[in-house]
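Chains, contacts and geometry: an overview
Residues per chain, in single letters:
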Amino acid sequence: MQPSQKTSDWASRYADWLIRNRWLVLITSVLITLFIASGARLLAFNNDYRVFFSEDNPQLQEFEQLQRTYTKIDNVLFAIETKDDNAFSNNALAAVEELTEKSWLLPFALRVDSISNFQHTYAEDDDLIVEDLVSGAQDIDALNLQLLKQVALSEPLLADRIVNKAGTVSGVNITFQMPQKSLDEAPQAVNAARALAAEIEAKYDVKVRLTGMVMLSNAFFEATMKDMSTLVPVMYLVIIAIMYLLVRSISATISAVVVIMLSMMAGMGFAGHFGIQLTPPSASATTIIMTLAVADSIHILVSMFAGMRNGMSKHDALRESIKVNLGPVFLTSVTTAIGFLSMNFSDAPPFHDLGNITAVGVMMAFFLSVTLLPALMAILPAKATKSSTSIGTSMDKLADYVINNQRKILLGSGLITLVLVSSIQMNKLEDNFIGYFDKTQDFRVDSDFVTDELTGIYQLQYSLDSGENNGISNPAFLAKLDSFTNWLRTQPEVIHVNSISDTFKRLNMNLHGDDESYYRLPQDPELAAQYLLLYELSLPYGLDLNNQVNVSKSSTQIVVSLQDLGSTQLKAIAERGTQWLQDNAGITAYGVGPAIMFSYISDRNIEGMLVGTGVAMILISLLIGIALRSVKLGFLSLIPNLLPAALAFGLWGLLVGEVNVAVSMVTGMALGIVVDDTVHFLSKYLRVRRLGMSAESAVRYAFSSVGVAIIVTSIILVAGFGVLAQSSFGMNSNMAVLTAIAIVMALIADFLLLPVLLLKLDKKAYKVEDGTASADSNTPLTATN
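Small disclaimer: the values here were computed from a predicted structure and weren't measured.

Rules and cut-offs
Residues numbered from 1 in each chain as written. Predicted model: local features only at pLDDT ≥ 70, side-chain atom pairs only at ≥ 80, totals over all residues. Heavy atoms only, no water. Buried < 20%, exposed > 50% of the residue type's maximum accessible area, 1.4 Å probe, protein only. Helix = DSSP H or I, 4+ residues; strand = E, 2+ residues; numbered from the N terminus. Contact = heavy atoms within 4.5 Å. Pairing = 2+ DSSP bridges. Axes fitted to C-alpha atoms, helices over the stretch in contact; angles between N-to-C directions. Salt bridge = Lys/Arg side-chain N within 4 Å of Asp/Glu carboxyl O.

1. Description of helix α18 (residues 500-510)
Of all eleven residues in α18, eleven are buried; the element is thus mostly enclosed. What α18 keeps buried is the set I500, S501, D502, T503, F504, K505, R506, L507, N508, M509 and N510. Tucked into the core, α18 has its buried residues touching β3 (119-124), β4 (127-132), α17 (475-489), β9 (494-498), α19 (525-538) and β10 (555-562).

Given below as C-alpha cells:
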C-alpha cells in the first residue's frame, strides 16, 4: 500500500514509540495473547459424524426423523475372521456366542444381533417355536453344525448381513443408544468394544475387526489427535529451518517462532472462549495458522536485515521496516482473514470453525508481528549477514527476463490458462466417508475388509408408510413392500436388503407346518397381524421389531446394505429407489442414511462457497483498490488473484478429477492467501511509481525489494500445506494439496504475468505526489534482498 505522507508519518511515529517502549509493548502484547489463549482449556472434541451437517440440511433432517421413528443405527459391527475360513466351526461359533453375550454389557448397548441369537422359527405340531439359532456352540456335533450352516445361509435376514454366503466370516452387530450428554460417549463405547475384541481374539485365536458408525465417529477423533501430535512438530521444524536459512539470525528465528506459537495459541483460545468444538477440519487450523503467521514476520525481518546490510543501525532499520511494511502487512492479513471467513458460507459447520479460528489466528499474527516481534528485535542482539542471498541475486535476472520477454510470457500464460481452465470441467463431485481415512487407520482397514468379505458398510434406509394403523399387515401394502424388496435385490449396487416382508413369509411357512410352498406373503390381513403379534410376543427382551416397524405399525423400514460406492452412485441408487416407489407403489419415500448425507454435502457446499467466494472477491478487490488508491490496478490485481485457483482446479481435474467437500472449500481460502503476494508486489511497485520512476524501473525495484520475501513466504506456505497434506484424514490432505498448488500458481502469476500486465497497461507516468521526494532525490529505497 502506497502510504500518504500522513500515514507514513504515523507509522514512523508508531515505530519510534515502540522502540522507546519496547519492554512495555512486549509485556502487554504477551499478556493480551495469553488471556485469549487461556480459552484453550475449554476446548473439547466433537467426534459425531453428524457435526458435518448443518441443522437445515434436508438429508440430515430426513435421517433424524427416521432415527426418531425406528431404532437408531449407531452401531459397532464385529467381523470374526477365522484361520480355517470356517464361520461354522465349534470354535468360531463359541467365539460368536460369547461375543454376543458380552456385547450386551458394552456402554450404551441397546441391541445385539448375531447368528447365535438370531430368533430362528419353526413349527412343532401346532406351535410356533422361537429360539436362538445357536446355543452351546462347543457341544454341537458335525451333523447339526452342517444343518445350522444351511439354515443361516438360506435365511435372507442373515446371509450377506451377519454371515457371508461363503460361510467364512460372521459378524456381531451392536446397536447403541447414545444419551448425547457428553462428548466421550463414543470413545467409551469404542474402548470397551476394542477390549472385548482383544479378549475374544486371545481366547479363541480369531481375528476380530471393528467397523460401523460409532467406529466412524471415533475415527474422526483419532485422526484429529494423530494429526495434532505428528504434523505440528514437523511444521515447527520446517519453519525454524527455513527462517534460519533466510535470516541467518538465531534471535530473529526465535522471535518469529514465538510469534507463530502465540498466534496458534490465540486461535485455539478463541475457539475455547466461544465454545467451538474441535473436529478434524477445524483442528487443522493449528497447522494453517503456523503456516500463515510466519509470512508477516518474514516481511518485517527481511526488510530490517536488508537495511542493516545497507549500513543502517538495528533500530533505524527496524523503524524503516515497520514504516514500509505496516500497511501491506495489515492489508494482507485482512484479505487472508476475509478469505477464510468466506468458509462460513459452507454447508459443513466444521469448515465454519476452521475459517473462524484461522481468521482470528491470522489477525493475531499481524498484531504480534507489529508489536511483539519488533519489540523483541529491538531488545535482542541481531547481526545481518554481509552478502545477499543467491535468491536475491537471481531477482534482478528474473526482472530482466520478464521485461525482455513480455510477448512470450503473455502468449505462454494465455495458452496454459486456456488448457487448464478448460480442464476444470473434468472434475466431478465425489464424497466417500470411508475414503476420508487413509489405510494407516484401523477403521479404514477393517471397513475395507468387512465390505470385501462380509457386508456393505454403506446403508440406505427407506421408511414406507401404509397410511393406517396396523397397515403393515395389509396384504396390498405387503405386496408393494415385497415388490420393492425384490427390485432392490436386483440392483447391482446392493449387497443385502433387510425387509420385514421376509419375516412374514417365514412365519406364514412356519404356521403351515413348515411347508415350503407357503413361503409367501399371507393374504388375510387379520391372519398376518396375528402372525406378527405371536412372533413379537415370543421375542426376548432387546430383540423386538422396533428396528423395523414403528409403534403404531403403520410404517416399516427397509435397510439396504450397499457396496463401496462413490457419492454419484449412492445418489443414483437412492433416487432410483424413490422413483420406483412413486411409479410402482404410489408411495413417497426418500433414501436416507449417513452415506447419502455425505453424498450430497459437496453439492450443497459448492452452492454456498460460490456465494462465499464471490463475497470475498468483492471485499478483497475493494480493499486493494482503496489501499492502492487506483481503480485500474485494483481491477488488474484480480487477474493474478483469481487465476491461481482456477488453474489449480484445472490441474486437479487433469491429475485427480474428483472434488470432495474439503476440496470445494479451497477457492475462497486460496483467494485470501494468494492475494498477499500481489499486494506486496504492487505496494512496492506503486511506492516508486509515485516517486516518478518508469514502469520498467518500478518492476525492477519491486523484484529487488520484495522478491525474496515473496519466494520465502511461498516456500513456507507450500511446505506448511505440504505437511498438512500428510494428514491421515482425507479431507485435510486433499484441501492442503490443492491449496499448495494454488500457491505455486500464484507465485508464477505474480512473478511473470503481473509484471507484464503492469508494463503493458500502466505505461502512463504518475504525477509525483505533494510532499513526496522525487525518484532522483536522496530518499532511501531499501531493497530487501
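2. A word on the environment of L753
By secondary structure assignment, the location of L753 is in helix α26 (residues 730-761). Note on L753: relative accessible area 9%, which makes it buried. On a C-alpha basis, the gap between L753 and F504 in space is 72 Å, while along the polypeptide they are 249 residues apart. Excluding residues within four positions of it along the chain, L753 makes contact with I409, L410, S413, I639, L643 and I748.

3. Looking at the sheet that holds strand β1 (residues 75-81)
Taking strand neighbours across the sheet as the criterion, the four strands line up as β2-β5-β1-β6 in an open arrangement whose pairing is antiparallel. The two strands at the open ends of the sheet, each matched to only one other strand, are β2 (109-114) and β6 (207-211). Averaged over all pairs of adjacent strands, the angle between their axes in this sheet comes to 20°, without regard to strand direction. As paired elements, β1 and strand β5 (residues 169-176) share seven bridges and run antiparallel to each other. The partner of V76 across the bridge, within β5, is I174. Taken strand by strand, helix α4 (residues 90-103) contacts β1, β2 and β5, and its axis lies near 5° from that of β5. Where helix α16 (residues 442-453) meets the sheet, it contacts β1, β5 and β6, and its direction lies at approximately 100° from that of β6.

4. Things to note about the pattern of salt bridges
As enumerated under the stated definition, the model contains 23 salt bridges in all. A salt bridge links D544 to R111; its shortest N-O distance comes to 3.9 Å. Highlighted residues: D544 in the loop between α19 and β10 and R111 in strand β2, separated in sequence by 433 residues. In this structure D544 comes out as partly exposed when scored by relative accessible area, which is 32%.

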